[in-house]
Amino acid sequence: MAQVVDEIFVSSRDPARELFVKKYLPSQANQTQIVFVHDLFDYHGIYQQLGTCLSEAGFAVSMLDIPGFGRSGGGRGVVDKHDEVVDDIEDYLKSLDQPVILAGHGFGGLIAIRLHHRQSLPPEKALKGLILSNPLLRFNNALPKTNGFIYDRLKHPFDLVTLPWKLKISDRSVSEKARLKLSEDPLIREQLILRTYRQVEKLIKLEQNASYLIDVPTLTLLSGSDTIGSVNFARLFTKALDSENSKLIEYERALRDLLSDNENEQVLKDVLQWLKERY
């Protein structure tokens, strides 16, 4: 049985930036470990089943809460600068001794792509693989046309308003048990803040055509529907990857939350099978 440990990682760049880390440590660990980054609407807490499953298979797992989310500090739901988030995660990766597979859902998948693309890790710390769950490479929704004139002109610090469209719990999982758990979790978010939306848009523009630069084994998981990100665009992105290194698995009947505690056992089996084949 894996040991579960809570840690606070302090950035070497800025001591005020702290990341909460939930670690799953098997008694006999694989030489490769997995670092997971959550989406804009959640935090590490809804991925406990994933952490347990991977650690039971022998992989050490670190689940990060990015600043502003979960148990990390910062303004709730606020991404001030997307590069600062990438820098924080890169700083954490540099602190690890073992090779890393970087995994992420939604925005976490976009962060993983960015971190690999910019190639700023030391050679000995280079990523060994990517697991991308519904990577956020294009929003389904643009800024609302209603009051769009106002949204376009709001500047810092007045851009902390929430956008009116929501990620409903009914759009996240087909599992009633999972929906109930989400509805009772005070750290789950259902709306985006304008400043965060703008930062994510900037990052999307940098990475949505970067598939040709991904040269590590990559597993992409796509649901049948996603009310936030474009599944079709993520599929096109994946098909442009090196076919020898890339694997795409689609779940037509699944909703957005593929890797969360949603009783979707087939997804976990597929992830473990891919890891077994590659590592």
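Residues numbered from 1 in each chain as written. Predicted model: local features only at pLDDT ≥ 70, side-chain atom pairs only at ≥ 80, totals over all residues. Heavy atoms only, no water.

Scanning the protein chain from N- to C-terminus turns up eight helices and 10 strands. With respect to the principal axes defined by its C-alpha atoms, the protein chain has extents near 55 × 45 × 40 Å. Across the 279 residues of the protein chain, 57% fall into the buried class. Counting every atom, the protein chain has about 12,700 Å² of accessible surface; 49% of that belongs to carbon and sulfur. (Helix = DSSP H or I, 4+ residues; strand = E, 2+ residues; numbered from the N terminus. Buried < 20%, exposed > 50% of the residue type's maximum accessible area, 1.4 Å probe, protein only. Areas by Shrake-Rupley, 256 points an atom, 1.4 Å probe, with all protein chains shown as cover.)

The next thing to look at is the environment of Y47. Within the secondary structure, Y47 is located in the loop between β3 (33-37) and α1 (48-56). For Y47 and F36, which are 11 residues apart along the polypeptide, the C-alpha to C-alpha distance reads 9.3 Å. Beyond its immediate chain neighbours, meaning those up to four positions away, Y47 contacts F36, H38, D39, D42, M63, H105, L259, S260 and D261. A distance of 3.1 Å separates a polar atom in the side chain of Y47 from a polar atom in the side chain of D42. (Contact = heavy atoms within 4.5 Å. Polar contact = N/O pair within 3.5 Å; in protein donor to acceptor, adjacent residues only side chain to side chain.)

So, on to helix α7 (residues 231-239). Along α7, the residues that are buried comprise V231, F233, A234, F237 and T238. The arc enclosing the buried residues of α7, seen along the axis, measures out at 160°, which places them on a common side. Exposed positions of α7 whose direction lies more than 90 degrees from the buried face are L236 and K239. Where α7 is buried, its residues touch α3 (107-117), α6 (194-207), β9 (218-223) and β10 (246-251). (Arc of directions from axis to C-beta.)

In this section: the side chain of R172. Structurally, R172 can be placed in the loop between β7 (162-166) and α5 (176-183). The buried category is assigned to R172, whose relative accessible area is 1%. Setting aside chain neighbours within four positions, we find R172 in contact with F41, D42, I46, L167, L182, I188, R189, L255, R256 and D257.

A word on the pattern of salt bridges. Working definition: two side chains of opposite charge can pair if their charged atoms are close together. A complete count under the given rule lists 21 salt bridges for this structure. Two residues, E190 and K166, come together in a salt bridge whose shortest N-O distance is 3.5 Å. With E190 in the loop between α5 and β8 (191-193) and K166 in strand β7, this pair connects stretches of sequence that are 24 residues apart. A relative accessible area of 43% places K166 in the partly exposed class. One continuous salt-bridge network, built from bridges that share partners, spans R13, R17, E84 and D88. (Salt bridge = Lys/Arg side-chain N within 4 Å of Asp/Glu carboxyl O.)

Attention now moves to unusual backbone geometry. Between H156 and P157 the backbone carries a cis peptide bond, its omega angle lying at 5°. Within the element layout of this structure, P157 appears in the loop between α4 (148-153) and β7. Positive phi, close to 50°, is recorded for Q119, a residue that is not glycine. Of note, Q119 is situated in the loop between α3 and β6 (129-133). Residue N134 is not a glycine yet carries a positive backbone phi of 45°. Structurally, the position occupied by N134 is in the loop between β6 and α4. Look at N134 and you get buried, because its relative accessible area is 3%.

Strands sit in the order β1-β2-β4-β3-β5-β6-β9-β10 across an open sheet of eight strands; the sheet is mixed. The open sheet has two free edges, formed respectively by β1 (3-10) and β10, since each of these has just one partner strand. When the angles between neighbouring strand axes are averaged without regard to direction, this sheet yields 15°. Alignment of β6 against β9, held across four bridges, turns out to be parallel. Residue pairing for β9: L130 is matched across the bridge by T218. Lying on the sheet, α1 is in contact with β2 (18-25), β3 and β4 (61-65); it crosses β4 at an angle near 160°. On top of the sheet, α7 reaches β9 and β10; it is set at about 160° to β9, its chief contact. (Pairing = 2+ DSSP bridges. Axes fitted to C-alpha atoms, helices over the stretch in contact; angles between N-to-C directions.)

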